[in-house]
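Reading the structure
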Amino acid sequence: MSNAAMTTNGPATVPATLKEQERAARRAEKARQKRVARDEAAERRRAAKSGFANVTNPRRSTLMTVLCAIFAVYCLFPFVYLVINATKTQADFTSTFGLGFGKSFALWDNIVTVFTYQDGVFGRWFLNTILYVVVGAGGATLLAIMGGYALAKFRFPGRKAVFAVIIGSISVPGIALAVPQFLLFAKLDLTNTPWAMIIPSLISPFGLYLMWIFSEQAVPTELLEAARVDGASEWRTFRTISLPLLAPGIVTTALFTIVATWNNYFLPLIMLQDKKWYPLTIGLNQWKDQASTAGGQAIQNLVITGSLITIIPLVIAFLCLQKYWQSGLAAGAVKE
């Protein structure tokens, strides 16, 4: 009888136990959901008080929107001014409102005149600027990459002294070094040559410091050690492992050096006297001052159009390189 009772009650007991476990699991899940809802409500209240938003609670701030809009207008106003006034003739430029279009649309005529005025000297200035940027800014970026990586991933005597020198170099404004640089290049008979622009542009203390700090964080030492254990040389490790991880820092450094070299004004002003070696900044300034000379002709419409043409390569560079501004490329590559 007892065996029969056990056999009879056994199958009935198991489903009852499973149902009880399911009910307990549902109660635990409901309790968890309530805790999550309470935590989210508390987070929303905290975010509302602080004025910030989080991922699970997107929140718009009217004040921040207005401030950002004002800042955007402030930044875009010069560009809009250039675009509008580049469409005017010289007569319309002097006779119409600065933010209004002229009587005729002369953008294409202005562009053609810019490249043909004074035997096409603007094209020579443009090529000079490209030369200074490619050789000077490109070399500065390359030196910053190699120097910053070496300082971040190798230990050697004098490393702290190098760090102090870099910090000191960043704190010294470039304009303070212009006169000593001029005297040095004059002794070397390098003034009024492209080298007077290229050699100073090769040094970028801020770029070196930026790549140093970025290399410390972006390239895990464990990856380098694993590559060395596998027999990879230092150059191959740097080329195949480190460079892809350093891409965001490289792009940032390159853009800083490109913009600094492209917009450099004071250095070519004191180093160059020959018009054929002028960059765009000095050449356009000479055109601007042309009207103030005896018998000079006012060509503000060409200066405005030339300035618009000058910034187009920088805009293209930013648009093409912005996709490389990514962070966390090495996240998850090393299991700690």
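The preceding data block contains the structure.
A brief look at the structure comes next. Position labels on residues start from 1 in each chain and follow its written sequence. Owing to the predicted nature of the model, reporting of local features is limited to residues with pLDDT of at least 70; listing and counting of side-chain atom pairs is limited to 80 or more, with chain, interface and lining totals taken over all residues. For side-chain calculations, the full set of non-hydrogen atoms in the structure is used, while hydrogens and water are omitted.

**A word on the overall build of the chain**
- Scanning the chain from N- to C-terminus turns up 15 helices and 0 strands.
- Looking at the 336 residues of the chain, the share that counts as buried comes to 30%.
- Residue contacts are defined here by distance: any two heavy atoms, one from each residue, within 4.5 Å place the two residues in contact. Contacts in the chain between residues far apart in sequence, at least 24 positions, make up 70% of those at least 6 positions apart.
- The Shrake-Rupley method, run with a 1.4 Å probe sphere, supplies the accessible areas, and residue values consider only the shown protein chains as cover. About 21,000 Å² of surface is accessible on the chain, with carbon and sulfur atoms providing 67% of the total. Counting from the N terminus, the helices are DSSP H or I runs at least four residues long and the strands are E runs at least two residues long. Partly exposed residues are those whose accessible area sits between 20% and 50% of the maximum for their type, while under 20% is buried and over 50% is exposed, using a 1.4 Å probe and protein chains only.

**Focus on the side chain of Thr-87**
- Mapped onto the elements of the fold, Thr-87 is located in the loop between α2 (62-85) and α3 (90-95).
- Those residues in contact with Thr-87 that sit more than four places away from it in its chain are Phe-101, Ser-104, Phe-105, Ala-106, Leu-107 and Asn-110.

**A word on the packing of aromatic side chains**
- Between the rings of Phe, Tyr and Trp (Trp by its six-membered ring), a pair exists once the centres lie within 6.5 Å; its type follows the angle of the planes, with under 30 degrees stacked, over 60 edge-to-face, and the other angles tilted. For the coordinates displayed, the defined rule picks out 12 aromatic pairs.
- Ring geometry for Phe-115 and Phe-122: centres 5.2 Å apart, planes at 90°, overall edge-to-face.
- We classify Phe-115 as partly exposed; its relative accessible area is 38%.
- By relative accessible area, which is 0% here, Phe-122 ends up buried.
- Lysine NZ or arginine CZ positioned within 6 Å of the ring centre and within 35 degrees of the ring normal marks a charge as sitting over the ring. Geometry around Trp-277 places Arg-124 over its ring, the cationic atom sitting 4.9 Å from the centre.

**So, a positive patch on the surface**
- Without a salt bridge and with relative accessible area above 30%, a residue can belong to a patch; like charges are then joined within 9 Å and nonpolar side chains (Val, Leu, Ile, Met, Phe, Trp, Tyr) within 5 Å. Between Lys or Arg on one side and Asp or Glu on the other, a salt bridge is scored when a side-chain nitrogen of the former is within 4 Å of a carboxyl oxygen of the latter. Just so you know, the count uses Lys and Arg for positive and Asp and Glu for negative, and it drops His and the chain ends. Where a charge lies is defined by one atom per residue type, namely NZ (Lys), CZ (Arg), CG (Asp) and CD (Glu). Taken together, the side chains of Arg-26, Lys-30, Lys-34, Arg-35 and Arg-38 define a basic patch exposed on the protein surface.
- Turning to its location among the elements, Arg-38 is positioned in helix α1 (residues 2-50).

**Observations concerning the nonpolar core**
- Ranked by internal contacts, the top residues of the largest apolar core, which has 26 residues, are Val-114, Phe-122, Trp-125, Met-271, Leu-272, Trp-287 and Leu-302.
- Of all elements in the fold, only α5 (121-153), α8 (195-201), α13 (266-271), α14 (280-288) and α15 (300-321) reach the threshold of two or more residues within this core.
- Looking at which element gives the most residues to this core, the answer is α5, with 6 residues.
- Filtering out sequence-adjacent residues up to four positions away, Trp-125 remains in contact with Lys-275, Tyr-278, Pro-279, Leu-280, Gly-283, Leu-284, Gln-286 and Trp-287.
- Residues belong to one nonpolar core when they are buried, are Ala, Val, Leu, Ile, Met, Phe, Trp, Tyr or Cys, and are joined through side-chain atoms within 4.5 Å. One finds Ile-145, Tyr-149, Leu-246 and Ile-250 within the second-largest nonpolar core, a separate group that totals 11 residues.

**Details of the side chain of Thr-141**
- Following the sequence through the fold, Thr-141 ends up in helix α5.
- Beyond its immediate sequence surroundings of up to four residues, Thr-141 is in contact with Ile-250, Thr-253, Ala-254 and Thr-257.

**Observations regarding the pattern of salt bridges**
- Taken as a whole, this structure holds 6 salt bridges when the rule is applied.
- Notably, a salt bridge pairs Arg-23 with Glu-20, separated by 2.8 Å at the nearest N-O pair. Taken together, the residues Arg-23 and Glu-20, both in helix α1 and 3 residues apart, mark about one turn of the helix.
- You can call Arg-23 partly exposed: its relative accessible area is 36%.
- Among the residues examined, Glu-20 registers a relative accessible area of 39% and is labelled partly exposed.
- Across the salt bridge formed by Glu-216 and Arg-159, the nearest N and O atoms sit 3.2 Å from each other.

**Here we look at unusual backbone geometry**
- Of note in this structure, Asp-189 is not a glycine but carries a positive phi near 60°.
- For Asp-189, the position within the fold is in the loop between α7 (174-187) and α8.
- A residue is classified by how much of its surface remains accessible, and Asp-189, at 63% relative accessible area, is exposed.

**Regarding a nonpolar patch on the surface**
- Taken together, the side chains of Leu-63, Met-64, Val-66, Leu-67 and Ile-70 present a nonpolar region at the surface, about 480 Å² in accessible area.
- Structurally, Met-64 can be placed in helix α2.
- By relative accessible area, which is 46% here, Met-64 ends up partly exposed.

**Here we look at α15**
- A helix's residues, less one, multiplied by 1.5 Å, set its expected span. A rise of 1.5 Å per residue sets the reference length of α15, with its 22 residues, at 32 Å; its end C-alpha atoms lie 32 Å apart and thus fit the reference within 8%.
- Within the sequence span of α15, burial applies to Asn-301, Leu-302, Val-303, Ile-304, Thr-305, Gly-306, Leu-308, Ile-309, Thr-310, Leu-314 and Ala-317.
- Where α15 is buried, its residues touch α2, α3, α4 (107-116), α5, α12 (247-262) and α14.

**Some points on the packing of α12 against α15**
- One can describe the packing of α12 onto α15 by two numbers: an axis separation of 11 Å at closest approach and a directional angle of 180°. Looking at the two axes, α12 sits roughly antiparallel to α15. Between α12, through Val-251, Leu-255, Ile-258, Val-259 and Trp-262, and α15, the contact on the second element is made entirely by Thr-310, Pro-313, Leu-314, Ala-317, Phe-318 and Leu-321.
- Here the contact of α12 with α15 is built from residues that sort into 10 nonpolar, 1 polar and no charged. Orientation is described by lines fitted to C-alpha atoms, with helices fitted over the stretch in contact, and by angles between N-to-C directions that extend from 0 to 180 degrees. An angle below 35 degrees is treated as roughly parallel, one above 145 as roughly antiparallel, one from 65 to 115 as roughly perpendicular, and anything else as oblique. All residues other than Ala, Val, Leu, Ile, Met, Phe, Trp, Tyr, Cys, Pro, Asp, Glu, Lys and Arg, Gly among them, are scored as polar; the first ten of these are nonpolar and the last four charged.

**Structural notes on the packing of helix α9 (residues 205-218) against α12**
- Two numbers describe how α9 lies on α12: the axes approach to 10 Å, and their chain directions differ by 170°. As far as their axial angle goes, α12 and α9 are roughly antiparallel. Every residue of α12 that contacts α9 at Phe-206, Gly-207, Leu-210, Met-211 and Phe-214 is listed here: Pro-248, Gly-249, Ile-250, Thr-252, Thr-253 and Phe-256.
- Broken down by class, the residue content of the contact of α9 with α12 amounts to 7 nonpolar, 4 polar and no charged.

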